[in-house]
4 protein chains.
Amino acid sequence: MGKQRATGAHLDPSFASDNVSGISPEVLEAISAANTGAALPYGADPVSAELTDWAKAEFGPAAEIYPVFNGTGANVVALQGLLPRWGAAICSAQAHINNDEGAAPERVGAMKLLPRPTSDGRLRPEDITEELGVQGFVHAAQPLAVSLTQSTELGTLYAPEQLSALAKTAHAHGLAVHIDGSRIANAAAALNTSIGDLVAGTGADVLSLGGTKNGALAAEAVVVINPERVSGLGYIRKFSMQLASKQRFVAAQLLALFGTETWRRNAECANAQAQKLGEQLAALEGVSVSGQTQVNAVFPELPVQMAQRIQARYLAHIWNTASSGNPVLRLMCSWQTTDEQIQQLVNTAAGA
Amino acid sequence: MGKQRATGAHLDPSFASDNVSGISPEVLEAISAANTGAALPYGADPVSAELTDWAKAEFGPAAEIYPVFNGTGANVVALQGLLPRWGAAICSAQAHINNDEGAAPERVGAMKLLPRPTSDGRLRPEDITEELGVQGFVHAAQPLAVSLTQSTELGTLYAPEQLSALAKTAHAHGLAVHIDGSRIANAAAALNTSIGDLVAGTGADVLSLGGTKNGALAAEAVVVINPERVSGLGYIRKFSMQLASKQRFVAAQLLALFGTETWRRNAECANAQAQKLGEQLAALEGVSVSGQTQVNAVFPELPVQMAQRIQARYLAHIWNTASSGNPVLRLMCSWQTTDEQIQQLVNTAAGA
Amino acid sequence: MGKQRATGAHLDPSFASDNVSGISPEVLEAISAANTGAALPYGADPVSAELTDWAKAEFGPAAEIYPVFNGTGANVVALQGLLPRWGAAICSAQAHINNDEGAAPERVGAMKLLPRPTSDGRLRPEDITEELGVQGFVHAAQPLAVSLTQSTELGTLYAPEQLSALAKTAHAHGLAVHIDGSRIANAAAALNTSIGDLVAGTGADVLSLGGTKNGALAAEAVVVINPERVSGLGYIRKFSMQLASKQRFVAAQLLALFGTETWRRNAECANAQAQKLGEQLAALEGVSVSGQTQVNAVFPELPVQMAQRIQARYLAHIWNTASSGNPVLRLMCSWQTTDEQIQQLVNTAAGA
Amino acid sequence: MGKQRATGAHLDPSFASDNVSGISPEVLEAISAANTGAALPYGADPVSAELTDWAKAEFGPAAEIYPVFNGTGANVVALQGLLPRWGAAICSAQAHINNDEGAAPERVGAMKLLPRPTSDGRLRPEDITEELGVQGFVHAAQPLAVSLTQSTELGTLYAPEQLSALAKTAHAHGLAVHIDGSRIANAAAALNTSIGDLVAGTGADVLSLGGTKNGALAAEAVVVINPERVSGLGYIRKFSMQLASKQRFVAAQLLALFGTETWRRNAECANAQAQKLGEQLAALEGVSVSGQTQVNAVFPELPVQMAQRIQARYLAHIWNTASSGNPVLRLMCSWQTTDEQIQQLVNTAAGA
């Protein structure tokens, strides 16, 4: 059986995704603080300038930052900047760009994705080298970038040395490296490092920096770490419909999170709550939690009736069916997940 | 000489556009009010449901509303919903979609625009009929929609009967009608009518409803008035990267403006201030204001030195050069424009 | 190891593909016969009319035929006619549209492909049903067509009842059925049926009818069997740059093949020669021929040195590496392959 | 009144276009001569190599040539090679790419065209400079190429010094120069020069070399004169579905025309016949021929009844309506137009 998608406005959304969360108070305050009369539009304002200063401090003096509205926008703008008309991007078969962006890469960016099956959402260097046989062959879309997600869509993490190995392999064969960092904050928090060290320090060329799941209203950015590999991002962002006229308010959201330690505090909370949720579920009879809970996603395999109890109350996606025949759910925690919410879900699962 | 675009972060932005304005207080309050813990993403939340109720009340029971991030997004999503792969949209040569969207209609929507020169930004029924000779001719992009801007990029207004005549002509020949309503609030306020009466009442099929210039942070919407002419908008919005995960906060902005009379108050303020600015500039020696100031844009033709004085202090676009050889500036007022700001600009112009 | 692509202008091309063949004499005569002074361009000529008559006789009275230049053109025009902007096509991972068309489906058609791994190039009904979980889910490209190749890129054949089962499954779930018939002649000859019976008779909606590999200079066509599932093909063919001004000469090629029994004779020759080649290679020590040689492709697994001997003289693609570690070559026969050519290749392989 | 397009399979096609002509005998012979058994596909054959040699001799040692199927294909492949994702091409409003390619530039190439009204189909240097105000402005598609047609869609010619002036202006501002040479043979013949001197000698970067109207079955090519301005053409041609598998037969057609003096003889014939037709029509009462007949198109303004007599028998497009109210027809001659055909049309016009 393939994937199934749950819907249902009457259900409790608390664990459906980390984007069910609201706006972190610091973000709301920053929006309000930036609301001081007239300001130049489209990024020529002082708040956007401050964001650029932050990016250079975090990712290196050559870095550039292009705020956008959402994660799909960040990914597709970034990949268009990396790929010529004939380019393709290697990604995991489970990648968000491959499954959950309505084919925006193909439709807006006219690019081909080269999805690689993975067991855990993580690409390995062989996933790059095995696609290189077609280099120079005009009949095949040319693999000129690799896009990896940190933390992955399966709730796993690349270790920094894994990222470095991938970047080294990619660069050795002329491919650029893009990181879909929709949850880069969760990754950096879990690895107890800075985002700059995790991304620029391991050789990535471009990052989709995710703010929304970390507590923003709607704020992401394309961060260019290596401008030599990227072309025309200013134009691309505009025609990709991701340039905000009142950009100061997008920049303010990003600064509220990443210009302070708010991003880390929010991510650590989400990760810790997921850890807690995983442990409490695993303590129930018949439940096992697939893999380690490395960041903020939990994938419990549960008896059918337990899954049904959860799905009767909560919006919860069946991720797949385990070899046992039992369903595996995906449950996500966010910066806003409370102990009470976890207790309630565990009680529901237990039929208590 | 063609158009020139001004830039300059050191300049006073107050009259550069209506998008230099901040967030209207009611909007900020609504965002805050919607920030109440977990909610379903992607529009399955109660605030989005309330927005849909508003749209049906305003535009008719068949109406649908799709919140998006910005005006370019609204226009290109709307036009993709109206046009098959072989369709083209008739618009004025001065249309925002033709000049100021980085070719997003062509690049994201793969559509051709059929621009018509106009003297005042307004299309006439002949602009439609004169493009119809190619209907059924496979060598030509098929004119299957007309896109008009209300109020126009030249600060003019279509009278309701002009809109009705255009819609009647379009529909008689199988074309759909799209209104770029980036400033529909200014138009409805100036015409002392409701947005619903102005748009649905005159026969439009789809509206790009503009919230940002009216006081939102970043909130627009595609309003479908006649669903029979539109296909796949939910999918199109997604792959066009205009679907907000935390959509409740976009919906809240739109409700704060359009679910109350805030939109009208804000638009009336912008229009009135532009009227005032036009009158005060026209009182200066050597200045004439092109056309009537119908909404919130003023196009004064000024002596070269006066224009230079203004441009030394303000970000102000030279719109064109009058037959006299004197420059024509475009100055915009917003819901936030104050009497003091107007006085200051007029003083600057006068060299006082 | 992934696929490797051979090149080399100094090598004998005879078995590199069936497109190394020249023009079948009947085709050249037909081109010459159509060369009779002025004729209306773009298909309004009598030869094109005759081709349409043939298509209706072969595929049913509702059938339409759109001649195009090449197979990629036929496939991408056909799929654009079947899919709305949000549609995706299920295909095998080995499909030509997925690997060998330079991402034309994605770039020209802005569509997503949903490739399914197969062991033998053939889709099964489960390949359709397993992709249906995302129907109606705006985040995923919508599977609205299935594209299958007959005969397949792996030299296998769908039995007519397999095609019928796929079409039935597809139609039951609202998907249209496209057949990439680049080698439909080889398939129909091998199955001893007519093309009409094989395609229209098993429920396909649209066929890419391949003439070039069967002996044309450059002539393929999109055949619409079920016009209710297709929109705007005339426009799509034009903007996809596949409409010949002097279309009579493309139509004449197709009529020379398919309006007579030339297609069958040419295909039977190619199939029989492949059968012979496979048998003679299999008789060599250490060689096994993967699968049955059903049409005109042979996939021999050979000792490394034998493969090297062949590749030193012939352009021959390594298709993959067998579990034994030995290479598998792809060798193709055409309507023009002679017994002498086969003998020479077998001698080369044998080191004789 | 706008343009009207004539159709009608029952009408005499002789003067409808120059693409109504058949295949020049030398071309048919060359196809036959190239039909010598197996040859490498996709341009790795000896005939294609010979075509490359010709191109280097004609256009300079750096030149590259990419055979394609038709003129739309040549133009859209060429422009994609010149323009990044954010680029736009300046062209005349009457350009074939703007009116007669089904919006292939926009749909396949995702580019914007910047059409300039002209009185005679010819761009002037000001048409370039007046579009430059938006350079660097992210809201506007960036004018990075100019595309001009020689001879033009209005039957006029650029003098070599006019081409040089345009190329000089374009290059001075960073724009590349593309020539749509669908009728470059007619132009070079009329100007009594070589194609190389006319194109490379005046500074063009890329040429769409037109063979079909000059007597080919279906053969055009993208000629790259200045490879430094072009990227990825091999890939672009492939995904634009313009790469012939049996390319030797396309190359053979081009060599038969351009590798000999056949192109000139054919073009001179077409031009001379048009001259004759224009003179004979102008001798009729009430007829005037717009402009000079410079190449092979004649635009006679005729009394309504005379136009009706012609249109009752011939497929003839009404090009526009003269200020007198009389229709202007477009009549085209080709390499195959005979004196008898001219006499017959003139007799028909005269009502004789």
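For the structure itself, consult the block above.
Given the structure is predicted, the values throughout are model-derived calculations rather than measurements. (Residues numbered from 1 in each chain as written. Chains lettered and ligands numbered in written order. Predicted model: local features only at pLDDT ≥ 70, side-chain atom pairs only at ≥ 80, totals over all residues. Heavy atoms only, no water.)

**Student:** Now, about the sheet that holds strand 5 (residues 176-181) of chain D: what can you tell me, with residues and values included?
**Tutor:** Residue and element names in this part refer to chain D. Here we have 7 strands laid out as an open sheet, ordered 1-7-6-5-4-2-3, and mixed in their pairing. Bordering the open sheet on either side are strand 1 (64-68) and strand 3 (112-116), each of which pairs with just one other strand. Neighbouring strand axes in the sheet, compared pairwise and without regard to direction, differ in orientation by 25° on average. Bridge count for strand 2 (residues 87-92) against strand 3 is 5 bridges, and the pairing is parallel. From the neighbouring strand, Ser92 faces strand 3, where its bridge partner is Arg116. Contacting strand 1, strand 6 (206-210) and strand 7 (220-224), helix 2 (residues 46-59) crosses the sheet at an angle of about 125° to strand 1. (Pairing = 2+ DSSP bridges. Helix = DSSP H or I, 4+ residues; strand = E, 2+ residues; numbered from the N terminus. Axes fitted to C-alpha atoms, helices over the stretch in contact; angles between N-to-C directions. Contact = heavy atoms within 4.5 Å.)

**Student:** Before we move on, could you go through the packing of aromatic side chains and cite the residues and values that matter?
**Tutor:** All names here are of chain A. All chains considered together, the criterion is met by 22 aromatic pairs over all chains. Aromatic pair Trp54 and Phe59: ring centres 5.7 Å apart, planes at 90°, arrangement edge-to-face. This pair shows no difference in class: Trp54 is buried, exactly as Phe59 is. With a centroid separation of 5.4 Å and 70° between ring planes, the pair formed by Phe299 and Trp319 is classed as edge-to-face. Residue Phe299 is found in the loop between strand 9 (297-298) and strand 10 (300-301), and its partner Trp319 is found in strand 11 (residues 317-321); the two are separated by 20 residues along the sequence. Exposure remark for Phe299: the relative accessible area of 7% places this residue in the buried category. (Phe/Tyr/Trp six-rings, centres within 6.5 Å; stacked < 30°, edge-to-face > 60°. Buried < 20%, exposed > 50% of the residue type's maximum accessible area, 1.4 Å probe, protein only.)

**Student:** Lay out the interface of chain B and chain D in plain terms, naming residues and giving numbers.
**Tutor:** Reports often express the size of an interface as the amount of accessible area lost when the parts come together. With 26 residues of chain B at the interface, the matching set in chain D holds 26 residues. Here chain B meets chain D over a buried area of about 2,000 Å², counting both sides, of which 50% is carbon and sulfur. Put simply, chain B and chain D have 2 salt bridges between them. Linking Glu106 of chain B and Lys112 of chain D is a salt bridge whose minimum nitrogen-to-oxygen distance equals 2.5 Å. Our enumeration of links across chain B and chain D arrives at 16 residue pairs in polar contact (both at pLDDT 80 or more). Among the residues forming the side of chain B that touches chain D, the class breakdown is 10 nonpolar, 7 polar and 9 charged. (Buried area = accessible area lost by both parts, 1.4 Å probe. Salt bridge = Lys/Arg side-chain N within 4 Å of Asp/Glu carboxyl O. Polar contact = N/O pair within 3.5 Å; in protein donor to acceptor, adjacent residues only side chain to side chain. Nonpolar A, V, L, I, M, F, W, Y, C, P; charged D, E, K, R; others polar.)

**Student:** So what's going on with the state of the cysteines? Residues and values would help.
**Tutor:** Per the stated rule, a full pass over the model turns up 0 disulfides over all chains. The structure places no disulfide on Cys91 of chain A, whose sulfur is separated from the nearest cysteine sulfur, that of Cys91 of chain C, by 15 Å. In this structure Cys333 of chain B is not part of a disulfide, and its nearest cysteine sulfur, from Cys269 of chain B, lies 8.4 Å away. (Disulfide = S-S within 2.5 Å.)

**Student:** Please give an account of the relation of the copies chain B and chain D that cites residues and values.
**Tutor:** Placing chain B over chain D gives an RMSD of 0.0 Å and needs a rotation angle of 180°, together with 0.0 Å of translation along the axis. Such a combination of turn and shift is consistent with a two-fold rotation axis. A shared binding surface is used by both copies, with 100% of the interface residues of chain B retained as interface residues in chain D. (Least-squares fit on C-alpha atoms with pLDDT ≥ 70 in both.)

**Student:** Just give me the short version of the pairing of strand 6 (residues 206-210) of chain C, but keep the residues and values in it.
**Tutor:** Residue and element names in this part refer to chain C. Taking burial as the measure, the 5 residues of strand 6 include 5 buried ones, the bulk of the element. Alternating residues of strand 6 divide into Val206, Ser208 and Gly210 and Leu207 and Leu209, and every residue in both groups is buried. Both strand 5 (residues 176-181) and strand 6 contribute to a ladder of 4 bridges, which runs parallel. Looking at the pairing, Gly181 lines up with Leu209 of strand 6. Bridge count for strand 6 against strand 7 (residues 220-224) is 5 bridges, and the pairing is antiparallel. The partner of Leu209 across the bridge, within strand 7, is Ala221.

**Student:** Any details on the sheet that holds strand 4 (residues 142-149) of chain C? Residues and values, ideally.
**Tutor:** Residues and elements named next belong to chain C. Read across the sheet, 7 strands follow the order 1-7-6-5-4-2-3 without closing on themselves; strand pairing throughout is mixed. Edge positions in the sheet fall to strand 1 (64-68) and strand 3 (112-116), since each has one partner strand and no second. On average, each strand axis in the sheet is inclined to that of its neighbour by 25°, with strand direction left out of account. Sheet contacts for helix 2 (residues 46-59): strand 1, strand 6 and strand 7; angle to strand 1, the most-contacted strand, approximately 125°.

**Student:** Got a sec to walk through the packing of helix 2 (residues 46-59) of chain B against helix 11 (residues 248-258) of chain B? Specific residues and values, please.
**Tutor:** Residue and element names in this part refer to chain B. Where helix 2 meets helix 11, the axes come as close as 8 Å, and the angle between the chain directions of the two elements is 40°. Overall, the two elements helix 2 and helix 11 adopt an arrangement that is oblique. Like other packed secondary-structure pairs, helix 2 and helix 11 cross with a definite hand, here left-handed. Note on element contacts: helix 11 touches helix 2 through Arg248, Ala251, Ala252, Leu254, Leu255 and Phe258, opposite Val47, Ser48, Glu50, Leu51 and Trp54. Its residues assigned to classes, the contact of helix 2 with helix 11 shows 8 nonpolar, 1 polar and 2 charged. (Parallel < 35°, antiparallel > 145°, perpendicular 65-115°, else oblique. Left-handed = near helix turned anticlockwise from the far one by under 90°.)

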